[in-house]
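Chains, contacts and geometry: an overview
In case you want the letters, here they are:
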Amino acid sequence: MSSPSPAVPAHVAIIMDGNGRWAKSRGLPRIEGHRRGVESVRTATYAARDLGVKMLTLYAFSVENWSRPPNEVGALMGLLELYLKKELATFVRDRVRLRTIGRTDELPAGVQKHLRATIEETRHFTDYTLVLALNYGARTEVVDAARAYAAAVAAGREKLNDSSWGTFSRYLTTADLPDPDLVIRTSGEKRVSNFLLLQAAYAEFVFTPVLWPDFTKSDLAAALAEFATRERRFGLTSEQLRPAAK
Ligand code: IPE
Ligand code: IPE
Ligand code: MG
């Protein structure tokens, strides 16, 4: 039986969760969990490409995460900067295009510098894209987009009567990115935590109990296998999608 949707999701987004619990269960400080989490980021980046995924978005830091203890926030920013610094040459060698979503202008200057350099050096690669969600929150994104859209209307660049998802979505931080087909959350939590609320309108969701530092290529393959069993109907009926199955 042929499925109307492609078996491999083109765009996978992951809510990487469980670093703190991974560390706690070993009697280690939370930051050790984040350090191991960076290793899982490396693994997932290449595993997704090997499995035929074209775009991988990783939720690395939310707008709400700034409210964590200052030492944890500082350590996360330090890890991020180190990661970007180390990864630049690898991304260029392996033809991985780097993108970001979120309010990156509020990140520490050192992080922004490495982001700019990496994005610039990898901008011509078209086969595979890694999107890091940094200082991202869907509600913040919508408010920012609404403000920019209103300004465009006031300036006469947009017409209020022409408002549609097509025109408005160009003001989102994801403007030129396709919607995610599959959203995975690790660590057993079953919530979206302000991640891609509008873009995931028709995404499939897979929740796994695996903690992010333990997430391997086979866990990703299992999520993709689960995705392949789903029928995405986008509001239509099964019969409309697969006339032969009537
Ligand atoms: C995910 O792991 C990493 C970030 C949110 C930055 P957590 O740090 O949320 O780990 P838990 O949920 O406390 O186990
Ligand atoms: C979501 O994880 C944010 C990221 C993975 C970056 P959290 O651990 O912050 O989410 P909650 O607080 O459990 O909802
Ligand atoms: Mg968490």
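Everything below is about the structure shown above.
Below or above, wherever it landed, is the structure these notes cover. All figures in this text were calculated on a predicted structure; none of them were measured in a lab.

To continue, consider the site of ligand 2. Around ligand 2, the neighbouring residues are Ile 15, Met 16, Asp 17, Tyr 59, Ala 60, Phe 61, Ser 62, Asn 65, Arg 68, Arg 185, Arg 191 and Ser 193. One of the side-chain N or O atoms of Arg 68 is found 3.2 Å from an oxygen atom in ligand 2. Out of a free accessible area of 390 Å², ligand 2 has 77% covered by protein chains. No other element matches strand E2 (residues 55-62), which puts four residues into the shell around ligand 2. Among the residues forming the shell around ligand 2, the class breakdown is five nonpolar, three polar and four charged.

Looking now at the pattern of salt bridges. Scanning the model with the defined rule gives 22 salt bridges in all. Across the pair Glu 189 and Arg 21 runs a salt bridge whose closest N-O atoms are separated by 2.9 Å. Separated by 168 residues along the polypeptide, Glu 189 in the loop between strand E5 (182-185) and strand E6 (204-207) and Arg 21 in helix H1 (residues 19-24) bring together distant segments of the chain. The partly exposed category is assigned to Arg 21, whose relative accessible area is 34%. Notably, a salt bridge pairs Arg 30 with Glu 72, separated by 2.8 Å at the nearest N-O pair. Note that Arg 30 is positioned in helix H2 (residues 30-50) and Glu 72 in helix H3 (residues 70-94), a separation of 42 residues in sequence. Using a relative accessible area of 9% as the deciding quantity, one classes Glu 72 as buried.

Summed over all chains, the structure comprises ten aromatic pairs. Between Tyr 149 and Tyr 171, the aromatic rings sit 5.3 Å apart at their centres with planes inclined by 75 degrees, giving edge-to-face as the arrangement. With Tyr 149 in helix H5 (residues 138-154) and Tyr 171 in the loop between helix H6 (165-168) and E5, this residue pair connects regions lying 22 residues apart in the sequence. Residue Tyr 171 is classed as partly exposed on the basis of its relative accessible area, which comes to 24%. Residues Trp 212 and Phe 215 carry aromatic rings whose centres are separated by 5.1 Å and whose planes lie at 20 degrees to one another, so their mutual orientation is stacked.

So, about H5. Under the 1.5 Å per step criterion, the end-to-end length of H5 is 24 Å for 17 residues, consistent within 8% with the ideal 24 Å. Within the sequence span of H5, burial applies to Ala 138, Thr 140, Glu 141, Ala 145, Tyr 149 and Ala 152. One face of H5 carries all of its buried residues, which in axial projection span an arc of 165 degrees. For H5, exposure combined with an orientation more than 90 degrees from the buried face picks out Arg 139, Arg 147 and Ala 154. On its buried side, H5 packs onto strand E4 (129-136) and H6. Taken from the residues just after H5, Gly 156 is the one with a positive phi, measuring 80 degrees.

So, how was this worked out
- Residues numbered from 1 in each chain as written.
- Chains lettered and ligands numbered in written order.
- Predicted model: local features only at pLDDT ≥ 70, side-chain atom pairs only at ≥ 80, totals over all residues.
- Heavy atoms only, no water.
- Near = heavy atom within 4 Å.
- Polar contact = N/O pair within 3.5 Å; in protein donor to acceptor, adjacent residues only side chain to side chain.
- Areas by Shrake-Rupley, 256 points an atom, 1.4 Å probe, with all protein chains shown as cover.
- Helix = DSSP H or I, 4+ residues; strand = E, 2+ residues; numbered from the N terminus.
- Nonpolar A, V, L, I, M, F, W, Y, C, P; charged D, E, K, R; others polar.
- Salt bridge = Lys/Arg side-chain N within 4 Å of Asp/Glu carboxyl O.
- Buried < 20%, exposed > 50% of the residue type's maximum accessible area, 1.4 Å probe, protein only.
- Phe/Tyr/Trp six-rings, centres within 6.5 Å; stacked < 30°, edge-to-face > 60°.
- Expected span 1.5 Å × (residues − 1).
- Arc of directions from axis to C-beta.
- Contact = heavy atoms within 4.5 Å.

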